[in-house]
Amino acid sequence: MDELIPKFEALGLTAEKAKETANNKKLAPTLDSLITATGQTTFSKNTGMLLYKLAAKVTKEKSPHAEYIAKAIASERLASDEQVSAATKFCAKNDPAENEQAFDDACGVGVVVGDAEVAAQVKSVLDSIKDTLLSERYRAQGRALGKVKSAPGLRWADSGKVKGAFDAQIQALLGPKDERDDPASVKKAAKKAAPKAESAKSNEPRKWEPASLESMFAEGEISRLHKAGENPQIKPELMAEHLRATGGQVITRFPPEPNGFLHIGHAKAINVNFGYAKTHGGVCNLRYDDTNPEAEEQEYVDSILEIVRWLGFEPAQVLYSSDYFQQLYELAVRLIERGLAYVCHCTGEQIKEQRGGEDKRGPRFACAHRERPIAESLAEFQKMKEGRYAANEATLRMKMDLEDNNTQMWDLVAYRIMFKHHHRTGDTWCIYPTYDFTHCLCDSFENITHSLCTKEFFLSRQSYYWLCDAVEVYKPVQWEYSRLNVTNTLLSKRKIQALKTAGHITSLDDPRLYTLPALRRRGVPPQAINAFVRELGVTTSDTVIEVGRLENHIRGALNECAPRIMAAIHPLRVVLENLPESHFEELDVPYNPRDDSFGSRRVPFTRTLYIDRSDFRDVDSPDYFRLAPNKTVGLNSLAHPITCTGVRRAADGSISEVLCRYENEGSAPKPKSYIQWVADCPQRGSPVRIDEVRIYNQLFKSSSADEGSMKDVDPNSLEVVRGAVADVGLWDSIKRYAATAVGKKELGEHHVENLRFQFMRIGYFALDKDTELPLGAIEANKIEDAKLIMNRVVTLKEDSKKEA
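Keep in mind that this is a model prediction, so the values were computed, not measured.

Cut-offs and rules
- Residues numbered from 1 in each chain as written.
- Predicted model: local features only at pLDDT ≥ 70, side-chain atom pairs only at ≥ 80, totals over all residues.
- Heavy atoms only, no water.
- Disulfide = S-S within 2.5 Å.
- Pairing = 2+ DSSP bridges.
- Helix = DSSP H or I, 4+ residues; strand = E, 2+ residues; numbered from the N terminus.
- Salt bridge = Lys/Arg side-chain N within 4 Å of Asp/Glu carboxyl O.
- Buried < 20%, exposed > 50% of the residue type's maximum accessible area, 1.4 Å probe, protein only.
- Axes fitted to C-alpha atoms, helices over the stretch in contact; angles between N-to-C directions.
- Parallel < 35°, antiparallel > 145°, perpendicular 65-115°, else oblique.
- Left-handed = near helix turned anticlockwise from the far one by under 90°.
- Contact = heavy atoms within 4.5 Å.

Caption draft 1: View of the state of the cysteines. Evaluation of the coordinates by the stated rule reveals zero disulfides. Take Cys681: it sits in no disulfide, and the sulfur closest to it among the cysteines is that of Cys660, at 19 Å.

See below:
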């Protein structure tokens, strides 16, 4: 496959990416055939990337006209992702060669939407929702922008012009923001205006309405960032070259270091970077910042890409800082040659003293090696590269400005020595660039237009620009936003590892943590995480968000996707004495009474049942509404209630069985509450026995977790319950999911956390990865070959007047 590498490099792929693609048995032949079909050997970067993306999404069987599309890309008839997507859809049902005009019309070939038409189309959309805008004002801005961008007449329009017209017309319609646009003021006014008589609200739950991705960027400073091509450069030709390569497209990147699992804060960064690009018609790369071989592991590399996709995003390219090690080295040499870097032999403590000591308030002074001759630093840097110095014996430092008040201008380290095996480059290098040297230059290499990062990098903006200008490369714009801080969470990799070492958690994806793999394992839907971060928006204000807001989104998402199952975590046997031993009925019970699309299952009803032990009291009280001696309670989905007539006790005095009467004859008191139940009917597979239920609570006792010690850890944050039971719908739902193409694939990869349920009146639960669920056992309907382990994802909202 080596002969394919030069072909793929001609598309603009890096040498490493070209080699990786050539070794891909599925992608390589498809891409090769598309390149051959174009009849060309050289391509612009945009054309090359479009051909690569086309090859990644098509097959000869499903896309017989892929070569036609490739030729259209090479001739620049198709010049954008939107056009290529339209072309693949058109060719799936049509032969483009038979009607090229229809193809051009479907793909927007040659379409130019003028400024006047853009303004008219925007006005038409806004007029159609004018009443909503006047009522909700700027709170409806995000939704309005989404409608504008989806308008058919604007499909091929310049996204920057569309946004400009939208902003101008919204401002003209609504005027400047005022107190009516303050959520707190609106809520207060609504509460004051609401009649007291409306306090008796409907039992219908409030519909979950997550914020759109576009709404994150509709307000605030991020809505007014520069357009591609507007960021100034030290030389005009750098911008000209950048625009030739990108065509003015917005390009962002998500640059995690592969030294641990992503956490809830990264979910915001993923939404910001991928979302900003998508909202503005651009692309976002995933770039691993893999410059520290001491901490990086392939497990984290794999997990990061999987989590990005789990959240619903697909990188335009998957890149690595290590892709650029040779280019970075060459720029380091250029920096030395320009007298802007030097090799330093100071210790870490000495460098700290040069920078003003521990608190950085003392006198600052230059390193003794700062003014060494350029030739000497070049020779010393070569020795570093050749491994002739031990680790920490030499570093390459940038000659910046020690008099500047910004600590990020105090001669930062650019390269250090580490004799460690790198997960991609092996032992080729023993010197590795630092984040401060690598980050801005990799952004430059990739033509990033908006380098979006959190506020702790604010001071780095100056050094970012300094270095790009010092080596005279294209300079992206860095913009900072506030990081996501959530109560009851601890996100430090080191401190999470300390929790595991101390035995407070079982693994690094323990469901009590707020790493994204841990949340996924617990059963949290990705759409709930996205909704949470999108609701918060993108601001520069530092705030700490209550974890309850995330939990509300989890409930909202699960309420829409989780089938309702009757279950008993602590089962208590109930015998209906007035029914015969052979009594058997079968009921059709819906999975969601409010949504017929969920379907239903056939549930048996027999003389012997199980209820949850929390639904029975041996001693009644006036404020208790469930089962007790001589008390009547309803059973969900059954026509008649039951009345407790007695109990049987075990040798230790505990209640082993509750005796009841099924009130199917005559009249019975109307029950004040209804409880769930599970029939004892082995011939119908009831009950479904759950091997283990894990009840997770907050890991820390207080909302402001003390990251400095373990004293705040709650030793009771996990309760493990064995012997729980559920109705037949649990196993039926598993079988139905396994019968779908998606379910079969996910279960084949053991992504059992996608099987989520609402245990009625108890909470939301999902299967844990420790579950044993062979596809063969499901297909053969052999539940005895499965081992079901369930996590509580989140509690239900309970009526505060009733006991949980």
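Next comes the rest of the description.
Caption draft 2: Layout of the sheet that holds strand β13 (residues 567-568). The three strands are arranged β13-β26-β23 in an open sheet whose pairing can be described as antiparallel. Here the strands that pair on one side only, and so sit at the sheet edges, are β13 and β23 (688-690). Both β23 and strand β26 (residues 724-726) contribute to a ladder of three bridges, which runs antiparallel. When the bridges of β26 are listed, Arg689 appears paired with Val725.

Caption draft 3: A look at the pattern of salt bridges. Taken as a whole and judged by the stated rule, the model has 57 salt bridges. Between Glu16 and Arg424 there is a salt bridge; the shortest N-O distance is 3.6 Å. Remark: Arg424 occurs in the loop between β6 (413-417) and β7 (431-433) and Glu16 occurs in helix α2 (residues 15-22); sequence separation between them is 408 residues. The exposure class of Arg424 is partly exposed, given its relative accessible area of 22%. Shared partners join several salt bridges into a network, and the residues in it are Asp509, Arg521, Glu692, Arg694, Arg722, Asp768, Lys769 and Asp770.

Caption draft 4: Examining the packing of helix α3 (residues 27-38) against helix α5 (residues 66-74) more closely. Two elements in contact, α3 and α5, have axes separated by 8 Å at closest approach and are oriented at 55 degrees. Accordingly, the angle class assigned to the pair α3 and α5 is oblique. Considering only the axes of α3 and α5, their crossing is right-handed. Two secondary-structure elements touch here, α3 through Ser33, Leu34, Ala37 and Thr38 and α5 through Ala66, Glu67, Ala70, Lys71 and Ala74.

Caption draft 5: Representation of unusual backbone geometry in the model. Residue Pro687 is reached from Ser686 by a cis peptide bond, and omega for that bond is 5 degrees. The residue Pro687 is located in the loop between β22 (678-679) and β23 in this model. Its identity is not glycine, yet Glu76 carries a phi of approximately 65 degrees, on the positive side. Along the polypeptide, Glu76 turns up in the loop between α5 and α6 (81-93). At Arg137, a residue that is not glycine, the phi angle is positive and equals roughly 55 degrees.

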